[in-house]
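# Observations on chain architecture
Each chain, letter by letter, is given below.
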Amino acid sequence: MNSPTVNIIWFKRDLRVHDHAPLALASAQGPVVPLYVVEPDYWRLPDASRRHWHFIQDCLVELQAELSSRGATLVCRTGLVVEVLEDLRQKFGTIALWSHEETGNDWTFARDRQVLAWCKAHEIVWHQTPSNGVVRGLKSRDGWSALRDTRMAEPMIPAPNDLMLAADISPGSLPSKDHPMFGETVGSVQSGGRFEGLRVRASFLKERASKYMMTVSKPGISARHCSRLSAHIAYGTLSVREIEQATKVRMAELAMDLDPASKNLRKNLSAFLSRLAWRCHFVQKLEQQPSIEFRCMHLAFEGMREPHFRQEFFDAWATGHTGYPLIDAAMRSLHSNGWINFRMRAMLVSFASYHLWLDWRQTAPHLARLFTDYEPGIHFSQFQMQSGVTGINTLRIYNPIKQSMDHDPEGKFIRRYVPELSAVSEQWIHEPWRLPDPPPLYAKPLVEHDKAIKMARDQITACRKAPDFMDDARHVRQKLGSRAKPPHRRPKVVKDKSQLSFDV
Ligand SMILES: Cc1cc2nc3c(=O)[nH]c(=O)nc-3n(C[C@H](O)[C@H](O)[C@H](O)COP(=O)(O)OP(=O)(O)OC[C@H]3O[C@@H](n4cnc5c(N)ncnc54)[C@H](O)[C@@H]3O)c2cc1C
């Protein structure tokens, strides 16, 4: 008698058993091997870091327990995925491969192409199911949003209870958090795992979201009132669908309550839902155009910054020694904690790209390593937006002094992360260089804000004058742009024809 097909479930950035289509579908077929592969070559990439591994390791330990309680185990291997799969094929004879579609960086895309070629060579079927709201093979952005909404409304897939583990397979071992493969040591890291993800979601929906919009841009306090679900979404301890559905259930409950506090919470949750949709929107861009990891969306900006790269500027920015207090505090806090809010991320990139005129391809891997929630689709799209190289977004050049005054008026966040400024008063904390005796241990500003911005503005304006600029921008918008509102109905953000805006 032929032995049955063994179903390999390849876990990637989907470290859960609930709402997991590949696991549910594969386990209905017969014996399974739930597999996670630690790929040393991946961990050598400039955008990978030990901080990511810490989070992933937490998730895998819990996934292991979840699978064990359902009759299986997590099989962990270290090496090249194709070689691991080949071993399993040799062992079991007939296998099928199941996974979610992954929208990762160029390296994981190339690895997936190798796996596909291997599957074809051995006539192995690789069943890939969609991940969240990202649509593979999308022909046009028109209608994408409706497709996403349909997916988000579909019922959740229950975790299968009785898994049949393929016979005679050793679980292997999970590398420890301090294994040398994962590079430099890190500061503190948000805890991973589904249990923690559910806890974080529950506290956000119950109460933390009540000050979400009020604090979303404030460094420090936003860490409490933002959802903090990004790393859980990035590594898939919770699916976007289950977060979205739980949020809507909570909003329906709140709608029954006339208390103004409930109304306020509901409004905040509605803003949160928009951001979940943005997530899929941004990842969709990378899915459709993987080159955005390396090339400007609008090619007119290629070559604009690259020749001007200054290592000393990069080093000062990367370590938080630019002489601009909020920039330095934000960067140093990231080194310590691995998370910061959207506005601070945007400001850090804007400063690097405009004030220091650093090419975004040099700065993106640095922040990718620091962010626990590194998600290539959001990351590279946002880097390009905040560096002004998409050709379709209004340029935003953040003024780091104004940001500091607006969002950390008393300088509490700055003093927490930049001890050189601990004795500086509220009056001078945003511009310590203006003190008659500036603090001697704190760096002098690397560049002068007004001059640096003028230079950046002139360069960008020159690029935008290229003869085909608008035609090419239309193509970018057609392929990757949001359809939220057609451009002719969108309110004008700035009157200036060159669409540059400053001091955000
Ligand atoms: C330069 C830059 C790089 C970024 N890189 C990443 C990244 O690698 N990974 C990542 O998850 N987010 C990234 N973001 C987006 C955003 O800053 C984070 O998603 C957010 O701060 C995470 O915290 P939270 O989960 O508490 O967010 P919340 O405000 O609670 O939002 C909920 C979820 O919505 C999504 N989301 C929120 N804001 C955005 C946004 N602007 N664009 C797309 N999706 C969004 C995220 O999945 C987030 O978890 C980046 C932003 C910038 C400006």
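Cut-offs used in this document
- Residues numbered from 1 in each chain as written.
- Predicted model: local features only at pLDDT ≥ 70, side-chain atom pairs only at ≥ 80, totals over all residues.
- Helix = DSSP H or I, 4+ residues; strand = E, 2+ residues; numbered from the N terminus.
- Near = placed C-beta within 6 Å.
- Nonpolar A, V, L, I, M, F, W, Y, C, P; charged D, E, K, R; others polar.
- Domains from an automatic or database assignment.
- Buried ≥ 20, exposed ≤ 12 C-beta atoms within 10 Å, placed from the backbone.
- Pairing = 2+ DSSP bridges.
- Right-handed = clockwise from strand over helix to strand, strands pointing away.
- Axes fitted to C-alpha atoms, helices over the stretch in contact; angles between N-to-C directions.
- Parallel < 35°, antiparallel > 145°, perpendicular 65-115°, else oblique.
- Contact = placed C-beta atoms within 7 Å.

## Overview of the environment of P438
Take P438: it is sitting in the loop between α19 (412-417) and α20 (449-464). Along the backbone, P438 and P180 are 258 residues apart, and their C-alpha atoms lie at a distance of 42 Å.

## Concerning the site of the ligand
In the neighbourhood of the ligand, 27 residues make up the surrounding shell, with C226, S227, S230, R275 and Q382 lying closest. Elements that contribute at least two residues to the shell around the ligand include exactly α10 (230-234), α12 (260-288), α15 (342-355) and α17 (376-386). Looking at which element gives the most residues to the shell around the ligand, the answer is α12, with six residues. The class makeup of the residues in the shell around the ligand is 15 nonpolar, six polar and six charged. Split by domain, the shell around the ligand shows at least three residues from each of two domains, domain 2 (192-286) and domain 3 (292-502).

## Topic: the pairing of strand β1 (residues 6-10)
With five of five residues buried, β1 lies mostly within the body of the structure. Alternating residues of β1 divide into V6, I8 and W10 and N7 and I9, and every residue in both groups is buried. Relative to strand β4 (residues 95-100), β1 is paired through four bridges, and the arrangement is parallel. Across the sheet, the residue bridging to N7 is A96, located in β4. Read as a crossover between parallel neighbours, the route from β1 over helix α1 (residues 21-27) to strand β2 (residues 32-38) is right-handed.

## As for the packing of helix α14 (residues 325-337) against helix α18 (residues 400-407)
At their nearest, the axes of α14 and α18 sit 8 Å apart, and the two run at 70 degrees to each other. Of the possible angle classes, the one that applies to α14 and α18 is roughly perpendicular. Here P325, L326 and I327 of α14 lie close against α18, whose contacting residues are P400, Q403 and S404. Within the contact of α14 with α18, the residues separate by chemical class into four nonpolar, two polar and no charged.

## Comments concerning the domain arrangement of the protein
Often, the extent of an interface is quoted as the loss of accessible area upon association of its parts. Splitting the protein by domain gives domain 1 (6-129), domain 2 (192-286) and domain 3 (292-502). Centre-to-centre separation of domain 1 and domain 2, based on C-alpha positions: 28 Å. Tallying the contact residues gives 12 residues for domain 1 and 15 residues for domain 2. Looking at the side of domain 1 that touches domain 2 residue by residue, the classes come out as four nonpolar, two polar and six charged.

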